[in-house]
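What the coordinates show
Each chain is listed here by its residues.
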Amino acid sequence: MAYEVRLLTRDDLPAAWEMIRIAFGAERERPSWWREDRPGRLDWAVFDEAGRMVAKATDRAQGHWFGGRLVPACGIAGVIVAPELRGTGLARVVLTHLLHAARERGAVIATLFRTSPEVYRAFGCEEVGAMTRVAVPTAVLAELPRPRDVLLRPAEADDVPAVLEAYRALARAGSGLMERSGPLFDTTPDAVLAGHDGLTLAVEDGAVAGYASWDRNPGYDESARLQVSDLIAHTAEATTALLAMLGSWSRVAPTISLRLPDPDPAPLLASFVGTRVESREPWMLRVLDAAGAVAARGWPAPVSGAVDLELDDD
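What you see is a predicted model, and the numbers here were worked out from it, not measured in a lab. (Residues numbered from 1 in each chain as written. Predicted model: local features only at pLDDT ≥ 70, side-chain atom pairs only at ≥ 80, totals over all residues. Heavy atoms only, no water.)

A short note on the nonpolar core
One finds Val136, Leu141, Leu231, Leu243, Ile256, Leu258 and Phe272 to be the most contacted residues of the largest nonpolar core, which totals 29 residues. For this core, the secondary structure elements donating two or more residues are β6 (126–137), α4 (138–142), β10 (207–216), β11 (225–233), α7 (236–247) and β12 (255–259). Per-element accounting of this core gives the leading share, seven residues, to α7. Ignoring anything within four residues of it in the chain, the contact list for Val136 reads Leu141, Pro254, Thr255, Ile256, Leu258, Phe272 and Thr275. With 26 residues, the next largest nonpolar core counts Ala55, Val94, Leu98 and Met284 among its residues. (Core = buried A, V, L, I, M, F, W, Y, C linked by side-chain atoms within 4.5 Å. Buried < 20%, exposed > 50% of the residue type's maximum accessible area, 1.4 Å probe, protein only. Helix = DSSP H or I, 4+ residues; strand = E, 2+ residues; numbered from the N terminus. Contact = heavy atoms within 4.5 Å.)

Details of the packing of aromatic side chains
Each pair of aromatic rings is reported with the distance of its centres and the angle of its planes. The tally for this structure, following the rule as stated, stands at one aromatic pair. The aromatic ring of Trp299 is capped on one face by Arg297, whose charged end is 4.2 Å from the ring centroid. (Phe/Tyr/Trp six-rings, centres within 6.5 Å; stacked < 30°, edge-to-face > 60°. Lys NZ or Arg CZ within 6 Å of the ring centre and 35° of its normal.)

Regarding α7
Relative to the 16 Å expected for twelve residues at 1.5 Å per residue, α7 spans 16 Å between its end C-alpha atoms, a close match to the ideal helical length. Within α7, ten of the twelve residues are buried, leaving the element largely enclosed by the surrounding structure. Residues of α7 that are buried: Ala238, Thr239, Thr240, Ala241, Leu242, Leu243, Ala244, Met245, Leu246 and Gly247. (Expected span 1.5 Å × (residues − 1).)

A short note on unusual backbone geometry
A positive phi is found at Asp205, a non-glycine position, where the angle reads about 55°. Locating Asp205 in the fold gives a position in the loop between β9 (198–204) and β10. The exposure class of Asp205 is exposed, given its relative accessible area of 84%.

Side note on the pairing of β12
Most of β12 sits inside the fold, with four of its five residues counted as buried. Relative to β12, β6 runs antiparallel, the two being bridged by five bridges. Note on β12: the bridge partner recorded for Ala135 is Ser257. Two elements, β11 and β12, share four bridges in a ladder whose sense is parallel. From the neighbouring strand, Gln227 faces β12, where its bridge partner is Ser257. A crossover connection joins β11 to the parallel β12 through α7; in handedness this β-α-β unit is right-handed. (Pairing = 2+ DSSP bridges. Right-handed = clockwise from strand over helix to strand, strands pointing away.)

Things to note about helix α2 (residues 90–104)
The first and last C-alpha atoms of α2 sit 22 Å apart over 15 residues, in line with the 21 Å expected at 1.5 Å per residue. Turning to α2, its buried residues are Leu90, Ala91, Val94, Leu95, Leu98, Leu99, Ala101 and Ala102. Seen from one end, α2 has its buried residues packed into an arc of 165°, which puts them on one side. Residues of α2 that are exposed and point over 90 degrees away from its buried face: His100 and Glu104. Residue Gly106 follows α2 closely and has a positive phi angle near 115°. (Arc of directions from axis to C-beta.)

Concerning a nonpolar patch on the surface
There is a patch of nonpolar side chains on the surface, built from Val307, Leu309 and Leu311 and spanning about 370 Å² of accessible area. Structurally, Val307 can be placed in the segment after α9 (290–296). Relative accessible area serves as the criterion here: at 68%, Val307 is assigned to the exposed category. (Patch = residues over 30% accessible without salt bridge, like charges linked within 9 Å, V, L, I, M, F, W, Y side chains within 5 Å. Areas by Shrake-Rupley, 256 points an atom, 1.4 Å probe, with all protein chains shown as cover. Salt bridge = Lys/Arg side-chain N within 4 Å of Asp/Glu carboxyl O.)

Focus: the pattern of salt bridges
Between side chains of opposite charge, a pair can form as their charged atoms come close. For the structure shown, the criterion picks out 15 salt bridges. Here Asp12 makes a salt bridge to Arg6, at a shortest N to O gap of 2.6 Å. Residue Asp12 is classed as buried on the basis of its relative accessible area of 9%. Between Arg168 and Glu179 there is a salt bridge; the shortest N-O distance is 2.9 Å. Highlighted residues: Arg168 in helix α5 (residues 160–173) and Glu179 in the loop between β8 (175–178) and α6 (189–194), separated in sequence by eleven residues. For the pair shown, Arg168 and Glu179 are each scored as buried. Connected through salt bridges with shared partners, the residues Glu165, Arg168, Arg172 and Glu179 form a single ionic network.

What follows is the structure in structure tokens.
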């Protein structure tokens, strides 16, 4: 059978959402954020001879920090094949088109959260890290004394640039964290502040030294929890103050669900006894442009040298 591979149009969006709904268990009604205008996203799809969408995948124009420099990337998302045609090679068809187009627009690596590692390993991707969430008993943080020199307060609109820079400083110093700017991210103060139930700042000497973004889950019995997306601080005192604030929820939210990069100093500043891994989402990486990827990432200033590589990759 002959297939057509092309970018989605506005008329294709209902069929694309139906594939997403069936594959990932989404609601029938398209959510407001799944708009016709999807900046930063290129949606590729495969159509059969009857014009039916049988596979799709999304290229997210994003960047990842490596060695202090931002590396342009393709974020692979929403890879779906119609149930009746799985195992027939359509995933390779749509991904081949997507990755060639991503390289042409300047992406030098591709990344993704994987559900089926064997599919993506056969396509040249390898697991390089994971986003891990841990469940921390709130009571162990309630024992922490708050540092006297750290002020905690809710973030306001004028604080948003400092919050974004606090995350960027962490990402810049690491390997693989995503940049949170560009068309994929709404960084306006209203959007940032509305993204969570709370955005608590740690302030030292009048400057933002860290923050925690959190959401209060329903209930106040043993099942209640506080969901923490970011806990980022520049100093031990700011980190300790934010951990103590989280501990203050112990009477109504016995569990803190915490997402931390690995490694992170927070477990060195408080007793994390009884902590367990709640979820682990591995992510994979594939090099699209070998020379471009090596040139794009940062390297320590004292390092110099040369390596000859022979690549076997169609």
